[in-house]
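Each chain, letter by letter, is given below.
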Amino acid sequence: MFGFLKQVGDYTKDAVSAARYITDGLSVTFDHLKRRPITVQYPYEKLIPSERYRGRIHFEFDKCIACEVCVRVCPINLPVVDWVANKETKKKELRNYSIDFGVCIFCGNCVEYCPTNCLSMTEEYELAAFDRHSLNYDNVALGRLPTSVTTDPAVTPLKEFGYLPKGVIDPHGVDPSRPRAGARPDQILAAQAAAAPAPDSGAPS
Ligand code: SF4
Ligand code: SF4
């Protein structure tokens, strides 16, 4: 008899604590319904890519010396450098340069090792096309200025987490003029210079 009563008591205790946990969970869920959704409403809202974002590659024809370093450091030897040797000037003359973004893995090696800085990464990430052959960019397409989410009037640009002001975690409704957390090196140096004691004038006392 005593054992049976203990079983009923334990069962009741378990049922009560289970009900409490479910109620706690539901209260948390309903509390979340009151919060602002963190959803970035693409394509009307877009996150501003970070300053080291590896997007579509930009190429400057006039700076290229056809050294082919970009081809050698590319994991798949992708860039096509079409050049001819000019016997009179004894220099390479670039005729065409192309990168097939249908094959590129956007590792940035070519940009890293280009000696003349004629390659650079842009923040352009919307490269979708119906025909993959149109992803093979020649030097004209590679030289096109990149699109930017901050200059598109139809888009509300939002800052990524690393660029939000101190203590802010949601990019919605943040004043875009507010700087990111922390100080720049020049601001730190200026603050240190202002705090340092004035140098001795050297005049005899
Ligand atoms: S590494 Fe730069 S300069 Fe050399 S071929 Fe490639 S793009 Fe041209
Ligand atoms: S980003 Fe990487 S994969 Fe693409 S062309 Fe440059 S080195 Fe090759």
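Above this note sits the structure.
Below is a summary of the structure that appears in this document. The structure displayed is predicted, hence computed values, not measured ones.

**Here we look at the layout of surface pockets**
The space that makes up the largest pocket amounts to roughly 220 Å³. Lining the largest pocket are R52, Y53, R54, C107, G108, V111, E112 and M121. In terms of residue class, the lining of the largest pocket is made up of four nonpolar, one polar and three charged.

**Quick notes on the site of ligand 2**
Ligand 2 sits among I57, C74, P75, L78, P79, C104, I105, F106, C107, G108, N109 and C110. Classifying every residue of the shell around ligand 2 gives ten nonpolar, two polar and no charged.

**Thoughts on the pattern of salt bridges**
Applying the stated rule across the entire model yields eleven salt bridges. Across the salt bridge formed by K46 and E126, the nearest N and O atoms sit 2.9 Å from each other. Placement of K46 in strand β1 (residues 45–47) and of E126 in the loop between β5 (119–121) and β6 (136–137) is noted, with a sequence separation of 80 residues between them. Among the residues examined, K46 registers a relative accessible area of 9% and is labelled buried. The shortest N-O distance in the salt bridge between K63 and E60 comes to 3.5 Å. Bridged by salt links that share partners, the residues D31, K34 and R35 form one connected network.

**Here we look at the environment of K13**
Topologically, K13 is positioned in helix α1 (residues 2–33). Separated by ten residues in sequence, K13 and G3 have C-alpha atoms that sit 15 Å apart.

**Let's talk about the nonpolar core**
Grouped together as the largest cluster of nonpolar side chains are 23 residues, with contacts concentrated most on F59, Y97, I99, F101 and L119. Examining the composition of this core, we find that three residues originate from one element, strand β4 (residues 91–100), more than from any other. In contact with F59, other than residues within four places in its own chain, are C64, L94, Y97, C118, L119, N139, L142 and G143.

**Things to note about the sheet that holds strand β3 (residues 80–86)**
A sheet is described by the order of its strands in space; here three strands give the open sequence β3-β4-β6, paired in antiparallel fashion. The open sheet terminates on both sides in strands that have one partner only, identified here as β3 and β6. Both β4 and β6 contribute to a ladder of two bridges, which runs antiparallel. Its bridge partner lying in β6, I99 is registered against Y137.

**A word on unusual backbone geometry**
Geometrically, the link from Y42 to P43 is a cis peptide bond, its omega value of 5° lying close to zero. Structurally, P43 is set in the loop between α1 and β1. With a phi close to 55°, A66 is a non-glycine residue in the positive phi region. On the secondary structure map, A66 appears in the loop between β2 (57–59) and α2 (69–73). The backbone of K90 shows a phi angle near 55°, a positive value even though the residue is not glycine. Residue position: K90 is located in the loop between β3 and β4.

About the cut-offs
Residues numbered from 1 in each chain as written. Chains lettered and ligands numbered in written order. Predicted model: local features only at pLDDT ≥ 70, side-chain atom pairs only at ≥ 80, totals over all residues. Heavy atoms only, no water. 1 Å grid on protein atoms, 1.4 Å probe; cavity = no way out; pocket = protein on both sides within 12 Å on 5 of 7 lines; lining within 4 Å. Points joined across faces, edges and corners; volume = space filled by probe spheres on them. Nonpolar A, V, L, I, M, F, W, Y, C, P; charged D, E, K, R; others polar. Near = heavy atom within 4 Å. Salt bridge = Lys/Arg side-chain N within 4 Å of Asp/Glu carboxyl O. Helix = DSSP H or I, 4+ residues; strand = E, 2+ residues; numbered from the N terminus. Buried < 20%, exposed > 50% of the residue type's maximum accessible area, 1.4 Å probe, protein only. Core = buried A, V, L, I, M, F, W, Y, C linked by side-chain atoms within 4.5 Å. Contact = heavy atoms within 4.5 Å. Pairing = 2+ DSSP bridges.

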